[in-house]
Number of protein chains: 2
Amino acid sequence: MAGHGARGRSGGRPTLEEVAARAGVGRGTVSRVINGSPRVSDATRAAVEAAVAELGYVPNTAARALAANRTDAIALVVPEPETRFFAEPYFSDMLKGVGAELSDTEMQLLLIFAGSDRERQRLAQYLAAHRVDGVLLVSVHADDPLPDMLSQLEIPAVISGPRSAGETLTSVDSDNYGGARSAVEHLLARGRRRIAHITGRMDVYGARRRVDGYRDALLDEGLGVDEFLIEQGDFTEEGGRRAMSRLLEQAPDVDAVFAASDVTAAGARQVLREAGRRIPDDVALVGYDDSAIARHMDPPLTSVRQPIEEMGRAMIDLLLTDIADRRPAASRGLERRHAVLPTELVVRTSS
Amino acid sequence: MAGHGARGRSGGRPTLEEVAARAGVGRGTVSRVINGSPRVSDATRAAVEAAVAELGYVPNTAARALAANRTDAIALVVPEPETRFFAEPYFSDMLKGVGAELSDTEMQLLLIFAGSDRERQRLAQYLAAHRVDGVLLVSVHADDPLPDMLSQLEIPAVISGPRSAGETLTSVDSDNYGGARSAVEHLLARGRRRIAHITGRMDVYGARRRVDGYRDALLDEGLGVDEFLIEQGDFTEEGGRRAMSRLLEQAPDVDAVFAASDVTAAGARQVLREAGRRIPDDVALVGYDDSAIARHMDPPLTSVRQPIEEMGRAMIDLLLTDIADRRPAASRGLERRHAVLPTELVVRTSS
DNA sequence: ATCACCGATGGGAGCGCTCCCACGGTACCT
DNA sequence: AGGTACCGTGGGAGCGCTCCCATCGGTGAT
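These numbers come from a predicted model, not from an experiment. (Residues numbered from 1 in each chain as written. Chains lettered and ligands numbered in written order. Predicted model: local features only at pLDDT ≥ 70, side-chain atom pairs only at ≥ 80, totals over all residues. Heavy atoms only, no water.)

Undergrad: Any chance you could explain the interface of chain B and chain A here in plain terms?
TA: Where the parts come together, the accessible area they lose is often given as the size of the interface. Chain B puts 43 residues into the contact, and the matching count from chain A is 42 residues. Counting the contacts that link chain B with chain A gives ten residue pairs in polar contact (both at pLDDT 80 or more). Only helix 4 (61–68), helix 5 (82–87), helix 6 (89–102), strand 2 (108–113), helix 7 (117–128) and helix 8 (146–153) of chain B provide two or more residues apiece to the side of chain B that touches chain A. The leading source of residues in the side of chain B that touches chain A is helix 7 of chain B, at eight residues. When its residues are assigned to classes, the side of chain B that touches chain A shows 22 nonpolar, ten polar and eleven charged. (Contact = heavy atoms within 4.5 Å. Polar contact = N/O pair within 3.5 Å; in protein donor to acceptor, adjacent residues only side chain to side chain. Helix = DSSP H or I, 4+ residues; strand = E, 2+ residues; numbered from the N terminus. Nonpolar A, V, L, I, M, F, W, Y, C, P; charged D, E, K, R; others polar.)

Undergrad: Sorry if this is basic, but what is going on with the pattern of salt bridges here?
TA: Side-chain pairs of opposite charge can arise where the charged atoms are in close proximity. Evaluation of the coordinates by the stated rule reveals 50 salt bridges over all chains. The closest approach of N and O atoms between Arg194 of chain B and Asp253 of chain B, which form a salt bridge, is 2.8 Å. Of this pair, Arg194 of chain B sits in the loop between helix 9 (176–189) and strand 6 (195–198) while Asp253 of chain B sits in the loop between helix 11 (237–250) and strand 8 (256–259); the two residues are 59 residues apart in sequence, bridging distant segments of the chain. Look at the salt bridges and you will find they share partners, linking Glu237, Glu238, Arg241 and Arg242 of chain A into a network. (Salt bridge = Lys/Arg side-chain N within 4 Å of Asp/Glu carboxyl O.)

Undergrad: Help me out: how do you make sense of the domain arrangement of chain A in this one?
TA: On domain assignment, one finds that chain A holds domain 1 (16–59), domain 2 (73–174 + 309–341) and domain 3 (176–305). Placing a centre on the C-alpha atoms of domain 1 of chain A and another on those of domain 2 of chain A gives a separation of 35 Å. (Domains from an automatic or database assignment.)

Undergrad: I tried to follow the side chain of Arg210 of chain B on my own but got confused; where do I start?
TA: All names here are of chain B. In this structure, Arg210 sits in helix 10 (residues 205–220). This buried residue, Arg210, is left without a salt bridge; Asp289 holds the nearest opposite charge, at 4.7 Å. At a separation of 2.7 Å, a polar atom in the side chain of Arg210 contacts the main-chain carbonyl oxygen of Ala260. Discounting residues that sit within four places of it in the chain, Arg210 has contacts with Asn176, Ala180, His197, Phe235, Phe258, Ala260, Tyr288 and Gln306. (Buried < 20%, exposed > 50% of the residue type's maximum accessible area, 1.4 Å probe, protein only. Lys, Arg positive; Asp, Glu negative; His and termini not counted.)

Undergrad: Teacher, can you tell me more about the nonpolar core here?
TA: Nonpolar side chains in soluble globular proteins generally cluster together in the buried interior. Within the largest apolar cluster, 56 residues are counted, with the highest numbers of intra-cluster contacts made by Phe85 of chain A together with Phe85 and Val172 of chain B. Counting 44 residues, the second largest nonpolar core, distinct from the first, contains Val77 and Leu153 of chain A together with Leu127 and Val132 of chain B. (Core = buried A, V, L, I, M, F, W, Y, C linked by side-chain atoms within 4.5 Å.)

Undergrad: Explain the protein's contact with DNA strand C here, please?
TA: Near DNA strand C you find 27 residues, and of these Thr29 and Thr44 of chain A together with Leu16, Arg27 and Tyr57 of chain B are the closest. Considering the 4 Å shell around the protein, atoms of DNA strand C inside it are sugar or phosphate in 59% of instances. The dominant element in the surface near DNA strand C, judged by the number of residues it contributes, is helix 4 of chain B, at five residues. Class assignment of the residues belonging to the surface near DNA strand C gives a composition of eleven nonpolar, ten polar and six charged. (Near = heavy atom within 4 Å.)

Undergrad: How do you make sense of the protein's contact with DNA strand D when you look at a structure like this?
TA: The immediate surroundings of DNA strand D are formed by 25 residues, with Leu16, Arg27 and Tyr57 of chain A together with Thr29 and Thr44 of chain B found nearest. Protein-proximal atoms of DNA strand D, defined as those within 4 Å of the protein, fall in sugar or phosphate at a share of 60%. The backbone of Leu16 of chain A places a nitrogen or oxygen atom 2.4 Å from a phosphate oxygen of DNA strand D. Here a phosphate oxygen of DNA strand D sits 2.4 Å away from a polar atom, N or O, in the side chain of Tyr57 of chain A.

Undergrad: What am I meant to see in the sheet that holds strand 7 (residues 230–231) of chain B here?
TA: By way of backbone hydrogen bonds, the strands of a sheet pair with one another, either parallel or antiparallel. Residues and elements named next belong to chain B. Strand order in the open sheet made by the six strands is 7-6-8-9-10-12, with mixed pairing throughout. Edge strands, defined here as strands with exactly one partner in the open sheet, are strand 7 and strand 12 (344–346). With three bridges joining them, strand 9 (residues 284–288) and strand 10 (residues 302–305) adopt parallel strand pairing. Residue Val286 lies in a different strand from strand 10, and its bridge partner there is Thr302. (Pairing = 2+ DSSP bridges.)

Undergrad: When you look at the relation of the copies chain B and chain A in this model, what are you seeing that I'm missing?
TA: Both copies of the chain are related by a screw-like operation: a rotation about an axis and a shift along it. Note on the copies: chain B fits chain A at an RMSD of 0.1 Å, the axial shift is 0.1 Å, and the rotation between them is 180°. With respect to symmetry, the two chain copies, as superposed, fit the operation of a two-fold axis. Residue Ala62 of chain B of chain B places its C-alpha closer to the rotation axis than any other residue of that unit, at 2.5 Å. The fraction of interface residues of chain B whose copies in chain A are also interface residues reaches 98%, indicating that both copies meet through the same surface. (Least-squares fit on C-alpha atoms with pLDDT ≥ 70 in both.)

Undergrad: Explain the sheet that holds strand 2 of chain B here, please?
TA: Residues and elements named next belong to chain B. Pairing is parallel across the open sheet formed by six strands, whose spatial order is 2-1-3-4-5-11. Lying at the two open borders of the sheet, with one neighbouring strand each, are strand 2 and strand 11 (338–341). Shown here is a sheet whose adjacent strand axes are inclined to one another by a mean of 20°, direction ignored. As judged from the four bridges shared by strand 5 (residues 170–174) and strand 11, these two strands associate in the parallel manner. If you follow Ser174 over to strand 11, its bridge partner there is Leu341. (Axes fitted to C-alpha atoms, helices over the stretch in contact; angles between N-to-C directions.)

Undergrad: Can you walk me through the pairing of strand 1 (residues 73–78) of chain A in this structure?
TA: Side-chain direction in a regular strand flips from residue to residue, so the side chains alternate between the two faces of the sheet. Residues and elements named next belong to chain A. Across the six residues that make up strand 1, a large majority, six, are buried. Where burial is concerned, the two faces of strand 1 agree: the one with Ala73, Ala75 and Val77 and the one with Ile74, Leu76 and Val78 are both buried. The pairing of strand 1 with strand 3 (residues 134–138) spans four bridges and is classified as parallel. Residue pairing in the sheet places Val77 in a bridge with Leu137 of strand 3.

Undergrad: Could you clarify how one ought to interpret the packing of helix 6 (residues 89–102) of chain A against helix 14 (residues 308–325) of chain A in this entry?
TA: Packed helices, taken two at a time, are described by the angle between their axes plus the distance between the axes. Residue and element names in this part refer to chain A. Running from amino to carboxyl end, helix 6 crosses helix 14 at an angle of 45°, the nearest separation of the two axes being 7 Å. As judged from the angle between their axes, helix 6 and helix 14 are oblique. Here the hand of the crossing between helix 6 and helix 14 comes out right-handed. Of helix 14, the residues touching helix 6 (which contributes Tyr90, Asp93, Met94, Lys96, Gly97, Val98, Ala100, Glu101 and Leu102) are Ile308, Glu309, Met311, Gly312, Arg313, Met315, Ile316 and Asp317. Considering only residue class, the contact of helix 6 with helix 14 consists of nine nonpolar, two polar and six charged. (Parallel < 35°, antiparallel > 145°, perpendicular 65-115°, else oblique. Left-handed = near helix turned anticlockwise from the far one by under 90°.)

Undergrad: Honestly, helix 9 (residues 176–189) of chain A in this entry has me stumped. Any pointers?
TA: At 3.6 residues per turn, the α-helix brings residues three or four places apart onto the same side. All names here are of chain A. Between its terminal C-alpha atoms helix 9 stretches 20 Å, which fits the 20 Å expected from 14 residues at 1.5 Å a residue. The buried fraction of helix 9 amounts to eleven of the 14 residues, a majority that puts the element mostly inside the structure. If you check which residues of helix 9 are buried, you get Asn176, Tyr177, Gly178, Gly179, Ala180, Arg181, Ala183, Val184, His186, Leu187 and Leu188. Count one or two residues on from helix 9 and you reach Gly191, which has phi positive near 90°. (Expected span 1.5 Å × (residues − 1).)

Undergrad: What's the story with the pairing of strand 8 (residues 256–259) of chain A in this structure? I'm lost.
TA: Residues and elements named next belong to chain A. Burial along strand 8 is two-sided: Ala256 and Phe258 and Val257 and Ala259, pointing in opposite directions, are all buried. Pairing between strand 6 (residues 195–198) and strand 8: four bridges, direction parallel. Residue pairing across strands places Ile195 opposite Ala256, the latter belonging to strand 8. With three bridges joining them, strand 8 and strand 9 (residues 284–288) adopt parallel strand pairing. Counterpart to Val257 in the pairing with strand 9 is Leu285. A crossover links strand 8 with its parallel partner strand 9, the connecting element being helix 12 (residues 262–274), and its sense is right-handed. (Right-handed = clockwise from strand over helix to strand, strands pointing away.)

Structure, rendered in structure tokens:
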């Protein structure tokens, strides 16, 4: 496939120098051709390309990295144990988008797990050695020191799911606010009036935005927000169960529930069923994530889909720009960049 | 975490030279300390280590790679689309073993998918550029050109699941022969005498070994091998169904089935059930892989477990040796290395 | 015609490290 | 005392590339 047979006489791989000699030009010119510089005449370029093909020349990455002070590699850092990585389709979707967007690039993607302390140690060392040009951060907890470390090292980084409205890193997010709004508006349109919300972990920015969307949707409809209809969850099934129990107690007339995740909705459904409430007849239910759970729930769950794959693509786009600019977002001052991608409400029979 | 604050005066990262100056020694000595050479006095070593700590020195990988002509990276090549990678626990287990064995090494693991032609193209380019010191090959098809390419490029490689008895690459495998034997011996011990075998795809070496194990177990018991009891499958459920149908026709007195995979066993079970045969009362069933399917089948399926994680570990072991020897297995002549790891029969109620 | 200018090109000077040879010193042998 | 051996050490010579500056003609303006 690569390497058309003829090699440098010494048996080793051909070098720039050898290609230059073969093409009858200087080293600099070959370098320019290889790197697609426009400052080369067409004739010369053709000659060089011929020589490259004949010798089966492939640039030496290490030499290039040393001379140019870049690695042509970026890391996707997963601060979770590998198990979760394989278990959650989130990562697989994200990886698909990232891979696709990277595929017509010279950039190499490294997958780095940093679930255990030991692994985090290694990661720190790795970043300190500047072995990547940039970093993709997914599912980062609010108090994670990783983002700061990256800023300190001046390594460009893009985070999926900003930690706050004032996120210093370049970020990509789905429209949590809009997603929540669309869910609540959908329930309103179905005639529901006592719509409850089971939140996610409130230290997660996206969860807070979903609450905002919930509130605003009700307010815009002219309905007030009944605080007894808002219960805190934590994205888990158990949290959903507990929150639903409390809701049934303090607001027995609830006729719809918008949960901050599908798993939470599953927990709520369980409690509702035990309480004899039918879904969607008595209580309509909407989840978030549009995961496999949503599709397989009984009844199938209406849910807000996030464009994970597109988010992956967007992360790469932003990161490559940051890298090209050769400066991390932190030093970019006010021109920080945040992409927000639209969500989509997938309506099923639970609402 | 890394980098104790003090940096080289110039603001950039400290270099070997700077560490040497600080420690009052020569460049070569620092290099020796960094690389753990024993030819350094204890006092000198201590001084250098102090300087390294003070300056927060981290070796420049690119420079090292260029000078030493190695990359300190190995690739796990998955010749499948990413989807399958995430779907099959095989890969996740393998990765766990590989990661564990690599964790006290400086080696960096790269995960490379080569499912599409485009990806394979990139991979070829990648290998031609010698961007890794070695390659781990998993789930390679018999006619894949990848192994040859690696030999040609003289890149050390270890394959899991040799392609034939004469595999030229260093290989790791589970004991397919022994696994099959143990399954059949188990059925014999349970008093079964008309034991059928649904094979895997016969172009897969491991599948052929399983047939060998099946035959020898019967022969050693003094039973002949009835060719009507051997039916070809292809590791799939559908293949299992078809094979089982044929078996019921040509050998209606069958009282046990050893299938080359759990999925195949699932297909067979279906046909058996439709034919009114009870499992295990009328026909005992044994599968291979000990996958999730086996545990959740009705009745739970006896199956042969392969030590995937250990195989991952073994692959790394062998690969690191090959790399240290700086020569691919192909040029090693007759001292090729093949590890074969034991399987384990997990007995459940299907037999 | 003259001169400033610009695009195309060649090649020196490193990038930070490893490898290896040469050096001085000490210990041990004859 | 002289020789041999070996250890710990310093530092030159690259590894193959990019960056950048100097150079060389050719061009259009004056």
